[in-house]
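Single-letter residue listing:
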Amino acid sequence: MTSVLLVDDDTAVRTSLRDIIESSTDLTVVGDAWNGHQALDLARRLQPDIVVMDIRMPGMDGIAATRALRALASPPAVLVLTTFGHEDHYVEQALDAGAVGFLLKDTPPQDLVRALHAVAAGAAMFTPELTDRVIAAVTSDAPRPHSTREAALVADLTPRQRDVLALLAQGMSNAAIATALGMTEGTVKGYVSQVLSRLGADNRVQAARIAYLADLDPDHT
């Protein structure tokens, strides 16, 4: 049974989320909080597997709460759920804070349950529109920022790992990367896991952002 903690300052939203989540027999809501401070206190006591986190809340907001939760000795996975998907800076802040998923509040109930199952299995889950925008930033021709930290991380990869990262950052699937590099899909999957581990990234979107901040050429390969 996967345990879930709900964090949102709107009581009606928390009630609705509880009903949706507990419609699945292998998910249970162990508690709910109305701001980040309360969420952190409950997470320490209840040790949920997943926290469903709003962003804008009084006191400690969802970004600060996510960062604090990820610093716990046994950190839960954090799935951010918000109405503010049109504001890209929230996506970036949530990723930087350690969120492993980012969905909009109008996500259909079945997709929310599916996302929780995916996160429980160790996968990342981002609404396609948000993933596309992050990837689009990587592949655009606009001037890029340059981060010494991210550049050092990318420089520490092997040449083949950088090849895979460059294609991953363009939004390519493992199958497409395999075709482009003349590898098997299983080999690419292994390289992707290595790249995420070496970069300290939880998912492909975070890896794409690191490539972007490191100014890795999309045509690297």
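It should be noted that the structure appears before, not after, this text.
Below or above, wherever it landed, is the structure these notes cover. Not measured: the values here are computed from a predicted model. (Residues numbered from 1 in each chain as written. Predicted model: local features only at pLDDT ≥ 70, side-chain atom pairs only at ≥ 80, totals over all residues. Heavy atoms only, no water.)

1. A short note on the pattern of salt bridges
Alright, step 1. For the structure shown, the criterion picks out 10 salt bridges.
Alright, step 2. For the salt bridge of Asp163 with Arg160, the shortest nitrogen-to-oxygen distance reads 3.1 Å. Of this pair, Asp163 and Arg160 both sit in helix α8 (residues 159–168), 3 residues apart, which is roughly one turn of that helix.
Alright, step 3. Residue classification places Asp163 among the buried positions, given a relative accessible area of 14%.
Alright, step 4. Taken together, the shared-partner salt bridges connect Arg14, Arg18, Glu22 and Asp32 into one network. (Salt bridge = Lys/Arg side-chain N within 4 Å of Asp/Glu carboxyl O. Helix = DSSP H or I, 4+ residues; strand = E, 2+ residues; numbered from the N terminus. Buried < 20%, exposed > 50% of the residue type's maximum accessible area, 1.4 Å probe, protein only.)

2. Details of the nonpolar core
Alright, step 1. Counting residues in hydrophobic clusters, the biggest one holds 27 residues, and the most contacted among them are Val7, Val51, Met53, Leu69, Val80 and Phe102.
Alright, step 2. Counting residues per element, the ones that place at least two in this core are β1 (2–7), α2 (36–46), β3 (50–53), α3 (62–70), β4 (77–82) and α4 (88–97).
Alright, step 3. Those residues in contact with Val80 that lie beyond four places of it in its chain are Met53, Ile55, Thr66, Ala94, Ala99, Gly101, Phe102 and Leu103.
Alright, step 4. Counting 25 residues, the second largest nonpolar core, distinct from the first, contains Leu165, Val195, Ala208 and Ala211. (Core = buried A, V, L, I, M, F, W, Y, C linked by side-chain atoms within 4.5 Å. Contact = heavy atoms within 4.5 Å.)

3. So, the layout of surface pockets
Alright, step 1. Looking at the second largest pocket, its volume works out to about 220 Å³.
Alright, step 2. Around the second largest pocket, the lining is made up of 13 residues, and of these Leu95, Asp96, Gly200, Gln206 and Ile210 lie nearest the centre.
Alright, step 3. Contributions of two or more residues to the lining of the second largest pocket are made by α4, α7 (148–155) and α11 (204–213).
Alright, step 4. Sorting elements by how many residues they give to the lining of the second largest pocket places α11 first, with 4 residues.
Alright, step 5. Looking at the lining of the second largest pocket residue by residue, the classes come out as 5 nonpolar, 3 polar and 5 charged. (1 Å grid on protein atoms, 1.4 Å probe; cavity = no way out; pocket = protein on both sides within 12 Å on 5 of 7 lines; lining within 4 Å. Points joined across faces, edges and corners; volume = space filled by probe spheres on them. Nonpolar A, V, L, I, M, F, W, Y, C, P; charged D, E, K, R; others polar.)

4. Focus on helix α10 (residues 185–199)
Alright, step 1. Taking 1.5 Å per residue as the helical rise, α10 with its 15 residues ought to reach 21 Å, and the 21 Å between its terminal C-alpha atoms agrees with that figure.
Alright, step 2. Those residues of α10 that fall on the buried side of the exposure criterion are Val188, Val192, Val195, Leu196 and Leu199. One side of α10 carries all its buried residues, which in axial view fall inside an arc of 95°. Exposed positions of α10 whose direction lies more than 90 degrees from the buried face are Gly186 and Ser197.
Alright, step 3. For α10, the secondary structure elements touched by its buried residues are α7, α8, α9 (174–181) and α11.
Alright, step 4. Of the residues flanking the end of α10, it is Gly200, one or two places downstream, whose phi is positive at about 70°. (Expected span 1.5 Å × (residues − 1). Arc of directions from axis to C-beta.)

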